[in-house]
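# Coordinate inspection notes
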Amino acid sequence: MQIAGKNEKIELKNVMVGEVWIASGQSNMEFRMLQTSRAAQDITNANLPNIRLFTVGVNTSVQPLDNINKSKWMVCSPATVPGFSAVAYYFASTLHAKLNVPLGIINASLGSSAAESWTSRNMLEELPEFRDKIVKLDTDTSVWNQKVERIKHYETKERKQIAESAAEGVKAGAHQLDYDETSWKVGTFPMNMQKIGLPYYWGFVWFRKTFSLSEDQLDQDLKLEIQLHADQMITYLNGEEIGSFLKAPMPSTVTIRKNLLRKGRNVVAIRIRTYFGTAYLGTQDSPLPQIVAPNNAFRIPMGGDWRYSSTLEPKIMPNQEYFNTPSVLYNGMIAPLVPYGIRGVIWYQGESNATRPNGYRTLFPSLITDWRKNWGQGDFPFLFVQLAGRKKEGEQDPLYALTREAQTYALKLPRTAMATAIDLGEKYDSHPKDKLEVGRRLALAALKVAYGQDLVYSGPVYQKMEVEDNSIRLYFSSVGSGLTSRGTKLRGFKIAGENRVFVDAEATISGNHIVVSSPQIKKPLAVRYGFESWSEANLYNVEGIAAPQFRTDNWDVVKNSR
């Protein structure tokens, strides 16, 4: 294709006409293919030339922009897909396989971003919660722009330099066998940053653990098995590096070469980098670390006490989150796309609004209405992911369940659909690695809402309840070919009576209904299902799609939960 002007001619090659979708949201949409649980096999098989990938560069602006810089369409291939959004890729590849038409997917997402930053000024001015912030931005525009430039400079230059080049711990010999760590603090495995007094910490932490070997244990390579999550991990054995890994997920096994082993005392040293204090060594549910010989000839437990220090390396400046200023991501990353012809939007966001679930009930539907109005293409399909299950170490977060509930308010708008991910979460990680099923469920919703195919795209959805003596019968839509559970019995149900205190309940399938009861509750009034930040809820339809969380009451969740 050639486009000719008075003084210039542009030639475009390999142009395709097909369906175009926008993928937006925060870190779970930004989550790259190379980080997924199926990265190796699925990246190799990503030779799909009829799928085109476009990533909008991160940009913020006080005013709506017209152009996108440093971005271009790429042909989907093993070379281009590793750094692309995994949810967007799996959505596109599933849809392409079903429709057999060219498909373009535009990824405009940013980790830790809040919904208000993706919403236009005109819409936010209608919401009391944001009106004053918008007005203040008018008076602070020049100051704000200067601040953003300073922060961008630090994040792209100084932070990168510190993260990649800081070596004070190595210079001090913290990885060496003879280093004296007795002044370090003691932590008991498993450990997370909150548990060792470093919540929301940005920087480096060193860990050391001693073990002993006999003469006859030195003639073979060993394996260190340890569950670890961090932004970076370097592992040493007796002063020599044995593994270096950037970005989660980290491998759970590191090889220890036999030439590094010593009779008697040996030391494992681990240097991690953590942002937001999200790193952890093990969880309550993970196996304790150990050193294992080939064929399990012997095992050396590595649980118990470890020494740790956060004072050897420089701290890293936390994110200033200038990008969560109202409207600035909309202005910089979405406004330039308007009015590009699109079929619809997929959206995965909500974690950064989880401390304000009540406001999200209004904000999220307003965002959808805003985008549709500005695009001027009618009520295009807007499909979103309900937040996956996750749990902070040792505690539930009721606000997370309320945020999932707030997301459902968007379903009141036409041509919206929700893909539940409550069953796809990882207990102590808000970034589950199974993005294939998330993308597949979004694609099923697209086939139904955008393309009118007759199929089941949702798990069982609660409709109503009836009290029957000392039990409650629940009614559902989207049962598909029937209700079922994954496991020997249904889990995740709680029931309450007049005191409004919920207890674990027995639940049984009765046709297309669920009957819930507990011997502790003689006069039941309400049921909740999966209504926690993390739940082992396991209700599905036969089609294999999980039921989203629900509750039959409107009581105070924080006060009446346990």
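Notes on the structure in this doc start here. What you see is a predicted model; the values in this text were computed from it and never measured. (Residues numbered from 1 in each chain as written. Predicted model: local features only at pLDDT ≥ 70, side-chain atom pairs only at ≥ 80, totals over all residues. Heavy atoms only, no water.)

## Here's the deal with empty space enclosed by the protein
For the coordinates displayed, the defined rule picks out 1 cavity of 30 Å³ or more. Empty space within the largest cavity amounts to approximately 30 Å³. The wall of the largest cavity is formed by Glu 129, Phe 130, Asn 353, Arg 356, Gly 359, Tyr 360 and Leu 363. Considering each element in turn, the lining of the largest cavity owes the most residues, 3 residues, to helix H9 (residues 357-375). (1 Å grid on protein atoms, 1.4 Å probe; cavity = no way out; pocket = protein on both sides within 12 Å on 5 of 7 lines; lining within 4 Å. Points joined across faces, edges and corners; volume = space filled by probe spheres on them. Helix = DSSP H or I, 4+ residues; strand = E, 2+ residues; numbered from the N terminus.)

## Things to note about the packing of H9 against helix H10 (residues 398-407)
Two elements in contact, H9 and H10, have axes whose closest approach is 8 Å; the angle formed by their N-to-C orientations is 20 degrees. On the basis of the axis angle, H9 is roughly parallel to H10. Every pair of crossing elements has a handedness; the one defined by H9 and H10 is right-handed. Taken together, the residues of H10 that come into contact with H9 (itself represented by Pro 357, Tyr 360, Arg 361 and Phe 364) are Leu 399, Leu 402, Thr 403, Glu 405, Ala 406 and Gln 407. Of the residues assigned to the contact of H9 with H10, the class counts are 6 nonpolar, 2 polar and 2 charged. (Axes fitted to C-alpha atoms, helices over the stretch in contact; angles between N-to-C directions. Parallel < 35°, antiparallel > 145°, perpendicular 65-115°, else oblique. Left-handed = near helix turned anticlockwise from the far one by under 90°. Contact = heavy atoms within 4.5 Å. Nonpolar A, V, L, I, M, F, W, Y, C, P; charged D, E, K, R; others polar.)

## A few points about the nonpolar core
Among soluble globular proteins, nonpolar side chains are generally buried collectively. One finds Trp 21, Phe 91, Ile 105, Ile 346, Tyr 348, Leu 383 and Leu 442 to be the most contacted residues of the largest nonpolar core, which totals 42 residues. Here this core gets 8 residues from one element, more than from any other, and that element is helix H3 (residues 86-99). If near-sequence neighbours (up to four positions away) are discounted, Leu 383 is found in contact with Trp 21, Val 345, Ile 346, Trp 347, Ala 417, Leu 442, Ala 445, Ala 446 and Val 449. Core analysis: the second largest hydrophobic core is formed by 36 residues, Val 56, Tyr 330, Ile 368 and Ala 406 among them. (Core = buried A, V, L, I, M, F, W, Y, C linked by side-chain atoms within 4.5 Å. Buried < 20%, exposed > 50% of the residue type's maximum accessible area, 1.4 Å probe, protein only.)

## Comments concerning the environment of Tyr 179
Following the sequence through the fold, Tyr 179 ends up in the loop between helix H7 (168-171) and strand S7 (185-188). When the C-alpha atoms of Tyr 179 and Val 135 are compared, they prove to be 57 Å apart, with 44 residues separating the residues in sequence. When neighbours within four sequence positions are excluded, Tyr 179 is seen to be in contact with Ala 172, Gly 173, Ala 174, Trp 184, Arg 208, Arg 265 and Leu 312.

## Side note on the layout of surface pockets
Remark: the empty space left among the atoms is shown by a probe the size of a water molecule rolled over them. In this structure, the second largest pocket occupies an estimated 520 Å³ of space. Taken together, 27 residues make up the lining of the second largest pocket; nearest its centre are Glu 405, Thr 408, Val 461, Gln 549 and Phe 550. Put simply, the parts of the chain that give the lining of the second largest pocket at least two residues each are strand S22 (416-420), strand S23 (461-468) and strand S32 (550-551). Sorting elements by how many residues they give to the lining of the second largest pocket places S22 first, with 5 residues. Considered class by class, the residues forming the lining of the second largest pocket number 13 nonpolar, 9 polar and 5 charged.

## Topic: the sheet that holds strand S14 (residues 253-256)
In space, the 4 strands of this open sheet follow the order S14-S10-S17-S18, with antiparallel pairing throughout. Single-partner strands in this sheet number two, and they are S14 and strand S18 (299-301). Neighbour to neighbour, the strand axes of the sheet diverge by 20 degrees on average, direction disregarded. Strand direction decides the pairing type here: strand S10 (residues 222-225) and S14, joined by 4 bridges, are antiparallel. In the strand pairing of S14, Leu 224 is matched with Val 254. (Pairing = 2+ DSSP bridges.)

## What to know about H10
A large share of H10 lies buried, amounting to 8 of its 10 residues. Turning to H10, its buried residues are Tyr 400, Ala 401, Leu 402, Thr 403, Arg 404, Glu 405, Ala 406 and Gln 407.

## Remarks on the sheet that holds strand S24 (residues 471-477)
The pairing of strands in a sheet happens through backbone hydrogen bonds and is either parallel or antiparallel. Strand order in the open sheet made by the 4 strands is S23-S24-S29-S28, with antiparallel pairing throughout. The outermost strands of the open sheet, each flanked by one partner alone, are S23 and strand S28 (506-510). Taken over all neighbouring pairs, the strand axes of this sheet differ in orientation by 25 degrees on average, direction set aside. Bridging between S23 and S24 involves 7 bridges; their strand directions are antiparallel. The residue of S24 that forms the bridge with Glu 468 is Ser 471.

## Description of the packing of aromatic side chains
Throughout the structure, instances matching the rule amount to 23 aromatic pairs. With a centroid separation of 5.7 Å and 50 degrees between ring planes, the pair formed by Phe 502 and Trp 555 is classed as tilted. Here the residue Phe 502 occupies a position in the loop between strand S26 (493-496) and strand S27 (503-504), and Trp 555 occupies one in the segment after S32, the gap between them amounting to 53 residues. In this pair, the class of Phe 502 matches that of Trp 555, namely buried. Through a chain of ring-to-ring contacts, the aromatic side chains of Trp 118, Trp 347, Tyr 360, Phe 364, Trp 371, Trp 375, Phe 380, Phe 382 and Phe 384 assemble into a single cluster. (Phe/Tyr/Trp six-rings, centres within 6.5 Å; stacked < 30°, edge-to-face > 60°.)

## Comments concerning the pattern of salt bridges
Tallied over the full model, the rule gives 19 salt bridges. Here Glu 125 ties to Arg 121 by a salt bridge, and the two come within 2.8 Å at their closest N and O atoms. Each of Arg 361, Glu 405, Arg 528, Arg 551 and Asp 553 takes part in a single network of salt bridges with overlapping partners. (Salt bridge = Lys/Arg side-chain N within 4 Å of Asp/Glu carboxyl O.)

## So, the packing of H3 against helix H11 (residues 436-449)
Axis separation between H3 and H11 bottoms out at 7 Å; the angle between their running directions is 45 degrees. Here H3 is positioned oblique relative to H11, judged by the angle of their axes. As for how H3 packs across H11, the hand of that crossing is right-handed. Between H3 and H11, the residues in contact are Val 87, Tyr 90, Phe 91, Thr 94, Leu 95, Lys 98 and Leu 99 and Leu 436, Val 438, Gly 439, Arg 440, Leu 442, Ala 443, Ala 446 and Leu 447, respectively. Along the lines of polarity and charge, the residues of the contact of H3 with H11 split into 11 nonpolar, 2 polar and 2 charged.

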